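Results of the structural survey
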Amino acid sequence: MKEILKGGRKKMNGFQEPKGICYCGHTGNGKGSQHQSLLGLEGEGPCIFADCHCGQFIWVRFTISYKKFLKEKTRQEGNTCKKRTR
Ligand SMILES: [Zn+2]
Ligand SMILES: [Zn+2]
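All figures in this text were calculated on a predicted structure; none of them were measured in a lab.

Thoughts on the overall build of the protein chain
The secondary structure content of the protein chain amounts to two helices and three strands. Out of the 86 residues belonging to the protein chain, those deemed buried represent 17%. Restricting to contacts in the protein chain with at least 6 residues of sequence separation, those with at least 24 account for 32%.

Spelled out as structure tokens, the structure:
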């Protein structure tokens, strides 16, 4: 189990920004999130804004910057796959 967790974390390395947008419209799930930490998970807790009634981060979509990051990753992985077939 530990090894699986390690592999998963490695994949997430390299992205130091919030990865998701909450239903309340604020960023979460990552460093610099507009949501507090919950159980050691950054940006998974309640919203940091007092006037926001959000009690916990609920993912609705990825941030634009994380989408770009994913695109870059899949592009890199796609290139290695193409090299094999050609
Ligand atoms: Zn909020
Ligand atoms: Zn929220």
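On we go from here.
Re the sheet that holds strand S3 (residues 59–62)
Judged by pairing direction, the sheet is antiparallel, and its three strands sit side by side in the order S2-S1-S3 without closing on themselves. Each having just a single partner strand, strand S2 (27–28) and S3 make up the two edges of the open sheet. Bridge analysis of strand S1 (residues 20–22) against S2 gives two bridges, and the strand direction is antiparallel. Paired with Ile21 across the strands is Thr27, a residue of S2.

Regarding the environment of His35
Along the polypeptide, His35 turns up in the loop between S2 and S3. Linking His35 and Phe57, residues 22 residues apart in sequence, is a C-alpha distance of 6.6 Å. Contacts of His35, omitting those with residues within four sequence positions, involve Cys22, His26, Gly28, Gly43, Glu44, Gly45, Pro46, Cys47, Ile48 and Phe57.

Considerations on the environment of Gly30
Positionally, Gly30 belongs in the loop between S2 and S3. Taking the C-alpha atoms as reference points, Gly30 and Pro18, separated by twelve residues in sequence, lie 4.0 Å from one another. Residues in contact with Gly30, not counting those within four places in the same chain, are Glu17, Pro18, Lys19, Glu42 and Gly43.

Focus on unusual backbone geometry
In the Ramachandran plot, Asn29 falls in the positive-phi region, its phi being about 60 degrees despite a non-glycine side chain. A positive phi angle, close to 55 degrees, is found at Leu39, a residue other than glycine. Relative to the assigned elements, Leu39 resides in the loop between S2 and S3. Accessibility expressed as a C-beta count within 10 Å gives 6 for Leu39, which makes it exposed.

Scoring rules and cut-offs
Residues numbered from 1 in each chain as written. Chains lettered and ligands numbered in written order. Predicted model: local features only at pLDDT ≥ 70, side-chain atom pairs only at ≥ 80, totals over all residues. Helix = DSSP H or I, 4+ residues; strand = E, 2+ residues; numbered from the N terminus. Buried ≥ 20, exposed ≤ 12 C-beta atoms within 10 Å, placed from the backbone. Contact = placed C-beta atoms within 7 Å. Pairing = 2+ DSSP bridges.

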